[in-house]
Amino acid sequence: VNGKVEIPVVVNVLYRTAAENISDSQIQSQIDVLNEDFNATNADYNDVPALFSGVKANVGITFVLQKIVRKSVRTVSFSTNDAMKSSNKGIPPTSPSTVLNMWSCNLGGGILGYAQFPGGSLATDGVVIDNNAFGRTGTVSGVYNLGRTATHEVGHWMNLRHIWGDATCGSDSVDDTPSHNTANYGVPAYPHYSTCTGTPVEMTMNYMDYTDDRGMYMFSNGQKSRMAAIFISGGARASFGI
Ligand code: ARG
Ligand code: ZN
Ligand code: CA
């Protein structure tokens, strides 16, 4: 991924209550967050500790809001079964081979969001974000109020794994991110040491950890390469033509 790489975005809003019908400005705030976080223009990028200054990345991907689709539904809360993407209970994705589809809906069970990795069915491709974690204004609340759930989910959509590799001292298949014991929550004090091999300082401020939104503010160069790889010829998202 070199130069200016643009990804068209369609936002699908499912609402039962008026509050769930999030405003255009709340949606735009999410696009703004994605553009900041993927272009290293987020205000907290400068808070990355010196230890990681050599690996923090400007991913260089721009998101362009193309369309907002809204639908009134009877569903009280959705789950991770993709019902929000069906024509019956939800809104099917728009041009998923060339567009990043996002869904805002009420997710139950404390789920903030979920994503489909590259290589899955086009009919369910995209990311889903709970309406109270979508963007950084309007109905967002609590510690997931800065739009970083979408940054994290779009990371998955671009093939990034959790930084702890979903296992104790597991691997995210990225060389420049340290081994983490497990997921971190809240906002860990720096430095937070791993007990994995080599006892490295954990990169708790990485978007692919599980901290509060204000605790995450960087991708690494290795993550950038992994994301770029899916868009090149032969990659799982080569159809985006970027
Ligand atoms: N639990 C979700 C996932 O694994 C999202 C976590 C997002 N974290 C955040 N601070 N917004 O994909
Ligand atoms: Zn995740
Ligand atoms: Ca790693």
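Model, not experiment: these values are computed from the prediction.

### Details of the overall build of the chain
Okay, so step 1: Scanning the chain from terminus to terminus reveals three helices and five strands.
Okay, so step 2: Rg of the C-alpha trace for the chain: 17 Å, near the compact-globule value of 18 Å for 242 residues, within the 12% margin.
Okay, so step 3: With respect to the principal axes defined by its C-alpha atoms, the chain has extents near 50 × 40 × 30 Å.
Okay, so step 4: Counting across all 242 residues of the chain, residues that qualify as buried make up 41%.

### Overview of unusual backbone geometry
Okay, so step 1: Cis rather than trans, the peptide bond between Tyr190 and Pro191 has omega equal to -5 degrees.
Okay, so step 2: Among the secondary structure elements, Pro191 is positioned in the loop between α2 (148-157) and α3 (221-229).
Okay, so step 3: Of note, the phi angle at Ser173 is positive, near 60 degrees, even though the residue is not glycine.
Okay, so step 4: For Ser173, the location among the structural elements is in the loop between α2 and α3.
Okay, so step 5: C-beta crowding within 10 Å serves as the criterion here: with 13 such atoms nearby, Ser173 is assigned to the partly exposed category.
Okay, so step 6: Here the phi dihedral of Thr199 falls at roughly 40 degrees; this positive angle occurs in a residue that is not glycine.
Okay, so step 7: Topologically, Thr199 is positioned in the loop between α2 and α3.
Okay, so step 8: The class of Thr199 is exposed, set by 11 C-beta atoms lying within 10 Å.

### Considering the UniProt feature "domain: Peptidase M43 pregnancy-associated plasma-A" (unreviewed entry) in the chain
Okay, so step 1: Summarizing the sequence annotation, UniProt attributes the feature "domain: Peptidase M43 pregnancy-associated plasma-A" (unreviewed entry) to residues 144-229 in the numbering used throughout.
Okay, so step 2: Taken end to end, residues 144-229 is 22% helix and 0% strand, and its two terminal C-alpha atoms sit 29 Å from one another.

### Re the site of ligand 1
Okay, so step 1: Within the structure, ligand 1 sits among 13 residues, and Leu112, Tyr144, Arg148, Thr149 and His152 are positioned closest to it.
Okay, so step 2: Among the secondary structure elements, those contributing two or more residues to the shell around ligand 1 are β4 (113-115) and α2.
Okay, so step 3: A per-element tally of the shell around ligand 1 places α2 first, with four residues.
Okay, so step 4: Class assignment of the residues belonging to the shell around ligand 1 gives a composition of five nonpolar, four polar and four charged.

### Topic: the environment of Thr197
Okay, so step 1: With respect to the helices and strands, the residue Thr197 is situated in the loop between α2 and α3.
Okay, so step 2: By the C-beta count within 10 Å, which is 8 here, Thr197 ends up exposed.
Okay, so step 3: In this structure the C-alpha to C-alpha distance between Thr197 and Asp24, which are 173 residues apart in sequence, comes to 47 Å.

### Focus on the nonpolar core
Okay, so step 1: Val9, Met102, Cys105, Val127, Val128, Ile129 and Ala150 are the most contacted members of the largest nonpolar core, which has 50 residues in total.
Okay, so step 2: Those elements giving two or more residues to this core turn out to be β1 (5-15), α1 (24-37), β2 (61-72), β3 (100-105), β5 (127-130) and α2.
Okay, so step 3: The element best represented in this core is β1, accounting for six residues.
Okay, so step 4: Beyond its immediate chain neighbours, meaning those up to four positions away, Val127 contacts Met102, Gly113, Ala115, Ala150, Glu153, Val154 and Trp157.

Scoring rules and cut-offs
- Residues numbered from 1 in each chain as written.
- Chains lettered and ligands numbered in written order.
- Predicted model: local features only at pLDDT ≥ 70, side-chain atom pairs only at ≥ 80, totals over all residues.
- Helix = DSSP H or I, 4+ residues; strand = E, 2+ residues; numbered from the N terminus.
- Rg over C-alpha atoms; globule rule 2.2 N^0.38 Å.
- Buried ≥ 20, exposed ≤ 12 C-beta atoms within 10 Å, placed from the backbone.
- UniProt positions renumbered as here; feature names shortened; annotations may be inferred.
- Near = placed C-beta within 6 Å.
- Nonpolar A, V, L, I, M, F, W, Y, C, P; charged D, E, K, R; others polar.
- Core = buried A, V, L, I, M, F, W, Y, C linked by C-beta atoms within 7 Å.
- Contact = placed C-beta atoms within 7 Å.

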